[in-house]
Amino acid sequence: MTDAPASPDERIAYRTCPLCEATCGLEITVRDGRVHRIRGDRDDVFSHGFICPKGSTLQHLHEDPDRLRRPLVRRGVDADGAPVFEEVDWDEAWRIVAERFAAVRDAHGADAVALYLGNPNAHLLASGTHMRALIRSMGSRKLFSASTVDQMPRHVASGHLYGDPVAIPVPDLDRTDMLVVIGADPYTSNGSVCTAPGFPDRIEAMQARGGTLWVIDPRRSRTAQQADVHLRPRPGTDAVLLAAVVRHLFATGTARTGRLAAAAPDLDRVAAFVEPFTPEAAARVTGVAAADITALADALVAAPTAAVYGRIGTNTVEFGTLTAWLIDVVNMCTGNVDRPGGVMFARPAAERCRGDRPGGRGYRVGRWTSRVNGRPEVQGELPVADLADEILVPGEGRIRLLVTVAGNPVLSCPDGERLDEALASLDAMIAVDIYLNETTRHADVILPPPSSLEKSHYDLALYQFHVRNVAHWSPPVFPPSGPLEEDILAKLAAIAAGLGPDADPALVHDQILRSLVEAEVANEHSPIAGRDPDEILAAVDGDTPADRVLDVLVRTGPYGDGFGARPDGLSLAVLAAHPHGVDLGPLEPRLPGRLRTPSGVIEVLADPFVTELARLAQRLDHEPPPLVLIGRRQLRSNNSWMHNLEVLVRGSNRCTLQVNPADAERLGLVDGGDAEVRSRVGAVRAPVEITDDVPPGVVSLPHGWGHDRPGTRLGVARAHAGVNSNRLTDPAIVDPLSGNAVLNGIPVEVVPAPADTPVSAASAPA
Ligand SMILES: Nc1nc2c(c(=O)[nH]1)N[C@H]1C(S)=C(S)[C@@H](COP(=O)(O)OP(=O)(O)OC[C@H]3O[C@@H](n4cnc5c(=O)[nH]c(N)nc54)[C@H](O)[C@@H]3O)O[C@H]1N2
Ligand SMILES: Nc1nc2c(c(=O)[nH]1)N[C@H]1C(S)=C(S)[C@@H](COP(=O)(O)OP(=O)(O)OC[C@H]3O[C@@H](n4cnc5c(=O)[nH]c(N)nc54)[C@H](O)[C@@H]3O)O[C@H]1N2
Ligand code: SF4
Ligand SMILES: [Mo]
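Throughout this description, residue numbers start from 1 for each chain and increase along the sequence as written. Ligands are numbered from 1 and chains lettered from A, in the order in which they are written. pLDDT decides what is reported in this predicted model: residues at 70 or higher carry local features, side-chain atom pairs at 80 or more are listed and counted, and totals for whole chains, interfaces and linings draw on all residues regardless. Side-chain measures here rest on the full set of heavy atoms in the structure, leaving out hydrogens and waters.

Things to note about empty space enclosed by the protein
If a probe as big as a water molecule is rolled over the atoms, it shows which places are left empty.
Inference 1: Grid points spaced at 1 Å and placed over the protein atoms alone form the basis of the search, with a cavity being a set where a 1.4 Å probe fits but cannot get out and a pocket an open set showing protein on both sides within 12 Å along at least five of seven lines. Lining residues have an atom within 4 Å of a point. Grid points are joined across faces, edges and corners, and a volume is the space filled by probe spheres set on the points. Counted according to the given criterion, the structure contains 7 cavities of 30 Å³ or more.
Inference 2: Approximately 120 Å³ is the volume attributed to the largest cavity.
Inference 3: Residue lining of the largest cavity: 16 residues in total, with R154, P169, Y309, G310 and I327 positioned closest to the centre.
Inference 4: Strands here mean DSSP runs of E at least two residues long; helices mean DSSP runs of H or I at least four residues long; both are numbered from the N terminus. Only β12 (307–310), α12 (312–315) and α13 (320–333) provide two or more residues apiece to the lining of the largest cavity.
Inference 5: With 4 residues, α13 is the largest single contributor of residues to the lining of the largest cavity.
Inference 6: For this classification, Asp, Glu, Lys and Arg are treated as charged, while Ala, Val, Leu, Ile, Met, Phe, Trp, Tyr, Cys and Pro are nonpolar and the rest, including Gly, are polar. Here the residues of the lining of the largest cavity are counted per class, giving 9 nonpolar, 5 polar and 2 charged.
Inference 7: Computed from the structure, the second largest cavity encloses a volume of approximately 80 Å³.
Inference 8: Partitioning the lining of the second largest cavity into residue classes produces 9 nonpolar, 3 polar and 1 charged.

Next comes the structure, spelled out in structure tokens:
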């Protein structure tokens, strides 16, 4: 690429891309105060120049005229019933927020106030440092997040197994000899709960060194196209397939349980519980030949090292937690947990030091339940599948005020149509968001944080799941145009605590920092154990409140400088001096020290797993539904919120219903024609794409579309509206252990839909 001559006012900024979990390093050329070019940072210690088509769109996001720069306040509806918003200054916005909080709290109590946290919170430093304070000061048990339409089963499995929900072993991608990808499509998603920029390159490097890629996915995904072996189970049946793999390992005497004899003493006893899952029974349920299932097990045993990895397609199903457990059990039984080339635990720079002795308080769920459906709390959260009921069903404790932070549940959560109605029925709603979209159009006040290029960045959450230990902090590229995200969260926390519209967010910032420091000096394993908190506080570095918290986290973490105790260690200043990141080396074995179960061992046979396994065994003779819906992701898309960028939505409408040729013929569907898809809860109409990328009996719609709601400010997305696949997903069924929504394997009926007929309101499939 040739470059125009540099202007004197040109500089290069380096920062981590915050858009997905891959954490790619970007090189951003700023010329005359504007982004001139974004490309992959070739010197990044982890991503080595990799970038996907979304990475360079940070510029478009920053410049998108529809992105909100000032608060919006809702002022009634127009003649067509669409909400009307007015831009106000921050003081006015806060006044209204405080008024709404006070009104609802006074009339209905703390539990009438709820919070929904969307996916970008996993990427936002300010959420990592400040969200807990907001949750605490709201004092409500009504916390919901995108985690229960996502990875919650993985947390619950880890919570019971290892005593810590974030103790999630990730494939040691760069050293493994065999990778089994189940229900994930990293060639499209760039990886999830397994952070590896350039995931596809790393897979191809594995194949080049003689390793093999197995993909288990009903759909011929982009990742499946790269596979050495592709198995195509019926949606929702992976648990049966994996249970049969485990059974085969024990039946053939090839299970290698000895390596973990001390850390997982119950592993051998698993054999008795998987007895019903013969390869033949599993073949009937999954549609995968018995010989292929046993071949997978045998290949795992034969491979010098192997890693089984599962994601969305294994999480967003009815047996999601059990599937996550089975993945770990397979990895344990093949001797691959906690060793190079297998699956391993990261050691992030901001981890709290707890010493290397196993043991801890363990993991508890169900400390309270959802009001209407009685589903258990998990990690302080209720299932988002319950959100609409918690708002709509009358009674004591009904939600009347909802705060959303970086979330679009109307498009992301099951039965989006009913959720849309529920949000419209609230007494008050407050959104912290950069867009006026399908969800935030229901808000009384929308509080916009600065753009991604206007905040510092550090992946507090994602470093826990990195395939290599690294640390990378990036300063803002441009100064913020309004309050920082953490200022907004802090002010909300203060208002929720009853301090009124004039409360100073600095109070909250100071409290967060002080309580962190006090906890650290009281932690015997911390490098600052026993020191004077004021001495530490005086030495904290950083220009913003979130950066100051980060400085403490990093300096008191496993590689930290301990505020002088280990002068060569990490600090914010050290990170700032390394714009391409700091490489902390490959993953290292961490067992048994990483275990936080009260017993100090891996609780392989914790009760919830045993109960679920028995429930699964009862399903072995169930007839599968004739036609089911699954999702898929698209490379140039990011859940629901990047469809307003022309560069990403260019070309034909891609929100298509993929249908196998045999089904199309049977159902009378034609390529490019419209079809109506009906589930128990709703119906949508979408253009048909006939392809054998989906097998017979399975249709696929991507999620995050449906931008045709009135009253949004999404000029580009509206022109590429697509349909909301979550009008079809059913909140009545969840993974019972985690409360996670079931978004794959939805029974549906599909019929041709002539252009001039209206979409059915809802109708039950056969
Ligand atoms: N059918 C089906 N449904 C699914 C899935 C599926 O596979 N199939 N996947 C699920 C998954 S994995 C997820 S994570 C969820 C996502 O569910 P959500 O998190 O609810 O939805 P997103 O589309 O990620 O919406 C992100 C919101 O954050 C806003 N935003 C972006 N950047 C910022 C920022 O810096 N600060 C603030 N405050 N706001 C910002 C955007 O404008 C948008 O409103 O969807 C789930 N829904
Ligand atoms: N381009 C892009 N990247 C993204 C996102 C995005 O929207 N677009 N979203 C981000 C987010 S929030 C997340 S959580 C990650 C998710 O990252 P991934 O988990 O890699 O996400 P998907 O691409 O949805 O892959 C899920 C796969 O599961 C398959 N599947 C569906 N049902 C089943 C089943 O029952 N069994 C099996 N074995 N497979 C099944 C689908 O066909 C699909 O190929 O991606 C992140 N990255
Ligand atoms: S893969 Fe993810 S982190 Fe990397 S450039 Fe693309 S969106 Fe950004
Ligand atoms: Mo997600």
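Topic: the confidence of the model for the chain
Inference 1: On a range of 0 to 100, pLDDT expresses the predictor's confidence in each residue. With 98% of its residues at a pLDDT of 70 or more, the chain shows a mean pLDDT of 96.
Inference 2: Note on residues 761–766: pLDDT under 50 across the span, and 16 contacts to partners over four residues away in sequence or across chains. Throughout, a residue-residue contact means that at least one pair of heavy atoms, one from each residue, lies within 4.5 Å.

Notes on the domain arrangement of the chain
Inference 1: As used throughout, domain bounds are those supplied by an automatic or database domain assignment. In terms of domains, the chain is made up of domain 1 (1–63), domain 2 (72–115 + 138–150 + 363–447), domain 3 (169–344) and domain 4 (628–752).
Inference 2: Summed over both partners, the accessible surface that disappears when two parts come together, traced with a 1.4 Å probe, is what is meant by buried area. The largest contributions to the domain 1 side of the interface with domain 3 come from E21, F46 and F50, which together make up 66% of the buried area.
Inference 3: Any Lys or Arg side-chain nitrogen found within 4 Å of a carboxyl oxygen on Asp or Glu counts as a salt bridge. Between the two partners, domain 1 and domain 3, sit 0 salt bridges.
Inference 4: Throughout this description, a polar contact denotes any pair of N or O atoms lying within 3.5 Å of each other; where both atoms belong to protein, one of them has to be capable of donating a hydrogen while the other can accept it, and for residues adjacent in sequence the pair is counted only when both atoms sit in side chains. On the surface where domain 1 and domain 3 come into contact, there are 4 residue pairs in polar contact (both at pLDDT 80 or more).

Examining the pattern of salt bridges
Inference 1: Counted by the stated rule, this structure contains 47 salt bridges.
Inference 2: R37 is paired through a salt bridge with E27; the nearest N and O atoms lie 3.8 Å apart. Separated by 10 residues along the polypeptide, R37 in strand β3 (residues 34–40) and E27 in strand β2 (residues 25–31) bring together distant segments of the chain. Across the pair, E27 and R37 agree in class, each one buried.
Inference 3: Salt-bridge contacts for E86 lead to R75; the nearest nitrogen and oxygen are separated by 2.5 Å. Pair noted here: E86 is in strand β5 (residues 83–87) and R75 is in strand β4 (residues 72–77), with a separation of 11 residues, a long-range link.
Inference 4: Exposure is judged per residue with a 1.4 Å probe applied to protein chains only, and the accessible area is read against the type maximum: over 50% gives exposed, under 20% gives buried, and values in between give partly exposed. Among the residues examined, R75 registers a relative accessible area of 39% and is labelled partly exposed.
Inference 5: By sharing partners, the salt bridges in this structure join R75, E86, E92, R95, E99, R100 and D444 into a single network.

With respect to the sheet that holds β12
Inference 1: The sheet built from 4 strands is open, its strands ordered β11-β10-β9-β12 with parallel pairing. Edge positions in the sheet fall to β11 (229–231) and β12, since each has one partner strand and no second. The mean angle between the axes of side-by-side strands here comes to 15 degrees, regardless of whether they run parallel or antiparallel.
Inference 2: Pairing between two strands is assigned when DSSP locates at least 2 bridges connecting them. In terms of strand pairing, strand β10 (residues 212–216) meets β11 through 3 bridges, oriented parallel. Within β11, the residue paired with I216 across the bridge is L231. Angles here are taken between N-to-C directions and fall from 0 to 180 degrees, while the axes themselves are lines fitted to C-alpha atoms, restricted in helices to the stretch in contact.

Details of the packing of aromatic side chains
Inference 1: Each Phe, Tyr or Trp ring (for Trp, its six-membered ring) is paired with any other whose centre lies within 6.5 Å, and the angle between the two planes then decides the class: stacked below 30 degrees, edge-to-face above 60, tilted in between. By the definition in use, this model includes 5 aromatic pairs.
Inference 2: Centre to centre, the rings of Y162 and F345 are 5.3 Å apart; their planes meet at 85 degrees, and the pair counts as edge-to-face. Pair noted here: Y162 is in helix α4 (residues 152–162) and F345 is in the loop between β13 (343–344) and α14 (387–392), with a separation of 183 residues, a long-range link. Comparing Y162 with F345, the two get one shared label, buried.
Inference 3: The interplanar angle of 20 degrees and the centroid separation of 5.2 Å between the aromatic rings of W325 and F609 together place this pair among those described as stacked.

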